[in-house]
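Take a look at the letters that make up each chain.
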Amino acid sequence: MGTIRFLQHLFGPHLHLFFLFLTGFGTSAVLWPLLLLYYWLVDPVFARRLSIAFAASFLANRILKELFNTARPFQMDQMVSTPLAERTAMGHGFPSGHSQNAATVYLAFAFRHPRRWLWIATGLIVLAVGLSRLYLGVHLPEDVGGGFVLGAIFAWAAGGWSGPRGWRPSWDVLAGAVTLVLAFAVGAEPGACGLLAGCIAAKPAFTPPSTVRGRIGMVVGGAAAMALTGLLLYWLPGKLAPGIESSPALAYLLYLAASLVGFRSEEHTSELQSHHDL
């Protein structure tokens with residue numbers, strides 16, 4: 001708790017909104033769209049690999065939070081945080097999800113393209129996210145440190161490890177079965193399980209569009225497909241059967257479908273590219 005008070009005294013209360021802005025760089029709302037854009041426009045093979053690592057990291061974080069069941073700083077002393085900062089805190093304390101998310105995604109790019117400037121840039125972003133979690137009073141130093149370590153492991157798996165020599169189709173079935181067991185037998189978060197299953201099942205094999213028109217079409221088409229998925233699998237069921245949107249089965253299906261649509265297969269993406277590059 002002393003570290004949190006020291007940082008809050010050092011930076012003062014006037015930087016509260018700035019640190020809320022920094023903490024946003026470790027949110028799914030920023031990182032998944034960033035990853036989708038990289039997939040659609042730059043390198044679908046690496047982006048899909050990173051999506052698997054990120055989804056696995058996300059799921060592991062949720063499981064570990066439940067296992068360790070540690071308190072957050074503002075639960076021990078309400079004076080160290082604000083209601084606005086507390087809204088960014090979901091679940092238990094260890095490990096920090098924002099810190100782990102940031103380390104997983106940003107450091108993966110540094111592992112993939114090991115250049116000094118990229119290591120410095122991504123490292124600073126990750127440290128800024130961790131610092132923001134401390135300043136906002138929503139995590140203890142050990143929470144942030146644990147998130148950094150775990151995130152770095154998943155980042156290395158995505159960007160530094162060569163991976164298995166071959167992927168067997170039966171492994172897709174196995175991965176799906178494991179995520180189903182985790183979601184509905186073990187009690188892991190169903191949405192995270194569905195997300196991981198979808199990212200594993202996606203098989204990108206296309207060249208991103210090379211023209212401005214093709215790139216715009218790819219982004220607009222992809223965003224529209226994602227929105228339609230949410231409409232059909234979240235908004236519409238909620239309207240037809242109020243309360244069903246909180247169903248674990250629907251959460252699994254929604255995130256499974258969203259990842260399959262976002263990280264779509266060769267045929268669908270190639271058609272989009274051909275159409276928009278004309």
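Scroll up a little and you will see the structure.
This one's a predicted model, so the numbers in the text were calculated from it and none came from an experiment.

Participant: Got a minute to help me understand the side chain of Ser 132 in this structure?
Facilitator: Within the fold, Ser 132 resides in helix 8 (residues 116-135). When residues no more than four places from it in sequence are discounted, the contact partners of Ser 132 are Phe 19, Leu 22 and Thr 23.

Participant: What exactly am I supposed to notice about the packing of helix 7 (residues 97-112) against helix 8 here?
Facilitator: Geometry of a packed helix pair, given as the angle between the helix axes and the separation of the axes. Axis separation between helix 7 and helix 8 bottoms out at 9 Å; the angle between their running directions is 180°. Taken together, the axes of helix 7 and helix 8 are roughly antiparallel relative to one another. On the side of helix 7, the interface is formed by His 98, Ser 99, Ala 102, Ala 103, Tyr 106, Leu 107, Phe 109, Ala 110 and Phe 111, while helix 8 contributes Leu 118, Trp 119, Thr 122, Gly 123, Ile 125, Val 126, Val 129, Gly 130 and Arg 133. Split into classes, the residues belonging to the contact of helix 7 with helix 8 amount to twelve nonpolar, five polar and one charged.

Participant: Just checking my understanding: could you explain unusual backbone geometry for this structure?
Facilitator: Residues other than glycine predominantly adopt negative phi, and peptide bonds predominantly adopt the trans conformation. Note the cis peptide between Phe 94 and Pro 95, where omega equals -10°. Turning to its location among the elements, Pro 95 is positioned in the loop between helix 6 (83-86) and helix 7. One non-glycine residue, Asn 69, adopts positive backbone phi at about 55°. If you trace the backbone, Asn 69 turns up in the loop between helix 4 (44-68) and helix 5 (73-76).

Participant: In this structure, what is going on with the nonpolar core? I would like to understand it.
Facilitator: Across soluble globular proteins, you tend to see nonpolar side chains buried next to one another. Of all hydrophobic cores here, the largest spans 41 residues; its most connected members are Trp 32, Leu 35, Leu 50 and Phe 263. Going through the elements one at a time, helix 3 (28-41), helix 4, helix 7, helix 8, helix 9 (141-159), helix 10 (169-186) and helix 11 (190-201) are the ones with two or more residues in this core. Element by element, the count of residues in this core is highest for helix 4, at eight residues. Ignoring anything within four residues of it in the chain, the contact list for Trp 32 reads Ser 51, Phe 54, Ala 55, Leu 195, Cys 199 and Phe 263. Among the nonpolar cores identified, the runner-up in size contains twelve residues, and Val 80, Ala 85, Ala 89 and Val 138 belong to it.

Participant: What am I meant to see in the packing of helix 11 against helix 13 (residues 248-262) here?
Facilitator: Where helix 11 contacts helix 13, the two axes come as close as 7 Å, and the packing angle between them is 30°. Here helix 11 is positioned roughly parallel relative to helix 13, judged by the angle of their axes. For helix 11 against helix 13, the interelement crossing comes out right-handed. Facing Pro 190, Gly 191, Cys 193, Gly 194, Leu 195, Ala 197, Gly 198, Cys 199 and Ala 201 of helix 11, the residues of helix 13 in contact are Pro 248, Ala 251, Tyr 252, Tyr 255, Leu 256, Ser 259 and Leu 260. When its residues are assigned to classes, the contact of helix 11 with helix 13 shows twelve nonpolar, four polar and no charged.

Participant: Explain the packing of aromatic side chains to me, please; I cannot follow it from the model alone.
Facilitator: This structure, assessed with the given rule, holds 15 aromatic pairs. Taken together, a centroid distance of 4.2 Å and an interplanar angle of 20° make the contact between Phe 19 and Tyr 135 stacked. Of this pair, Phe 19 sits in helix 2 (residues 16-23) while Tyr 135 sits in helix 8, placing them 116 residues apart in sequence. Where Phe 111 meets Trp 119, the ring centres are 4.9 Å apart and the plane angle is 80°; that geometry is what we call edge-to-face. An aromatic cluster of at least three residues, connected via ring pairs, comprises Phe 11, Phe 18, Phe 19 and Tyr 135.

Participant: I would appreciate a short explanation of the pattern of salt bridges in the present structure.
Facilitator: Opposite charge on two side chains permits pairing when their charged atoms draw close. Taken as a whole and assessed by the stated rule, the structure comprises four salt bridges. For the salt bridge of Arg 62 with Glu 189, the shortest nitrogen-to-oxygen distance reads 3.3 Å. Residue Arg 62 is found in helix 4, and its partner Glu 189 is found in the loop between helix 10 and helix 11; the two are separated by 127 residues along the sequence. Residue Asp 172 pairs with Lys 203 through a salt bridge whose shortest N-O separation is 2.9 Å. Residue Asp 172 is located in helix 10, and its partner Lys 203 is located in the loop between helix 11 and helix 12 (212-240); the two are separated by 31 residues in the primary sequence. Residue classification places Lys 203 among the partly exposed residues on the basis of a relative accessible area of 33%.

Participant: Where do I start with the side chain of Ser 259 in this structure?
Facilitator: Among the secondary structure elements, Ser 259 is positioned in helix 13. Take Ser 259: its relative accessible area is 3%, and that puts it in the buried class. One polar contact links the side chain of Ser 259 to the main-chain carbonyl oxygen of Leu 256, over a distance of 2.9 Å. Those residues in contact with Ser 259, other than ones at most four positions away along the chain, are Gly 194, Leu 195, Gly 198 and Cys 199.

Definitions and limits used
- Residues numbered from 1 in each chain as written.
- Predicted model: local features only at pLDDT ≥ 70, side-chain atom pairs only at ≥ 80, totals over all residues.
- Heavy atoms only, no water.
- Helix = DSSP H or I, 4+ residues; strand = E, 2+ residues; numbered from the N terminus.
- Contact = heavy atoms within 4.5 Å.
- Axes fitted to C-alpha atoms, helices over the stretch in contact; angles between N-to-C directions.
- Parallel < 35°, antiparallel > 145°, perpendicular 65-115°, else oblique.
- Nonpolar A, V, L, I, M, F, W, Y, C, P; charged D, E, K, R; others polar.
- Core = buried A, V, L, I, M, F, W, Y, C linked by side-chain atoms within 4.5 Å.
- Buried < 20%, exposed > 50% of the residue type's maximum accessible area, 1.4 Å probe, protein only.
- Left-handed = near helix turned anticlockwise from the far one by under 90°.
- Phe/Tyr/Trp six-rings, centres within 6.5 Å; stacked < 30°, edge-to-face > 60°.
- Salt bridge = Lys/Arg side-chain N within 4 Å of Asp/Glu carboxyl O.
- Polar contact = N/O pair within 3.5 Å; in protein donor to acceptor, adjacent residues only side chain to side chain.

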